[in-house]
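What follows is the residue order along each chain.
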Amino acid sequence: MKLKHDKFKTARGGASKLLELSCQLCDTAICRYQKDGTGNLWRLYVDRISSPNVSLTGEDLRCQNGHLLGVKTIYAKENRPAFRLISGSYAKKIIKN
Ligand SMILES: [Zn+2]
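Nothing here was measured: the structure is a model prediction, and the numbers come from that model.

Q: Residue-level account of the pattern of salt bridges, with values.
A: On inspection of all chains with the given rule, the structure shows 9 salt bridges. Linking Glu20 and Arg32 is a salt bridge whose minimum nitrogen-to-oxygen distance equals 3.1 Å. Here Glu20 is found in strand β1 (residues 16-23), whereas its partner Arg32 is found in strand β2 (residues 29-36), with 12 residues between them in sequence. By relative accessible area, which is 24% here, Glu20 ends up partly exposed. Relative accessible area serves as the criterion here: at 28%, Arg32 is assigned to the partly exposed category. Residues participating in the shared-partner salt-bridge network are Asp6, Arg12, Asp36, Asp47, Arg48, Glu78 and Arg80.

Parameters at a glance
- Residues numbered from 1 in each chain as written.
- Predicted model: local features only at pLDDT ≥ 70, side-chain atom pairs only at ≥ 80, totals over all residues.
- Heavy atoms only, no water.
- Salt bridge = Lys/Arg side-chain N within 4 Å of Asp/Glu carboxyl O.
- Helix = DSSP H or I, 4+ residues; strand = E, 2+ residues; numbered from the N terminus.
- Buried < 20%, exposed > 50% of the residue type's maximum accessible area, 1.4 Å probe, protein only.

Written as structure tokens, this is what we have:
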């Protein structure tokens, strides 16, 4: 599992970490996610998602049991597809720092 290094990472400076996200309600795994830089996790950039257990092609991000976790958006500043996360809908665990 390798972290990506590209202009998006550089833009955020600092370290990246690898997270494992799961549904807060039913505890099923959602995906792994590379979080670049510090700060809260507001959105999931699609290019940073790996090992997804759910569909990334729809308008919503839902766990396998249908719980809503996020809504598809385009981060305009970078023209970058992402899911805007619904706070409290997911749990995260750091698997690599
Ligand atoms: Zn769920």
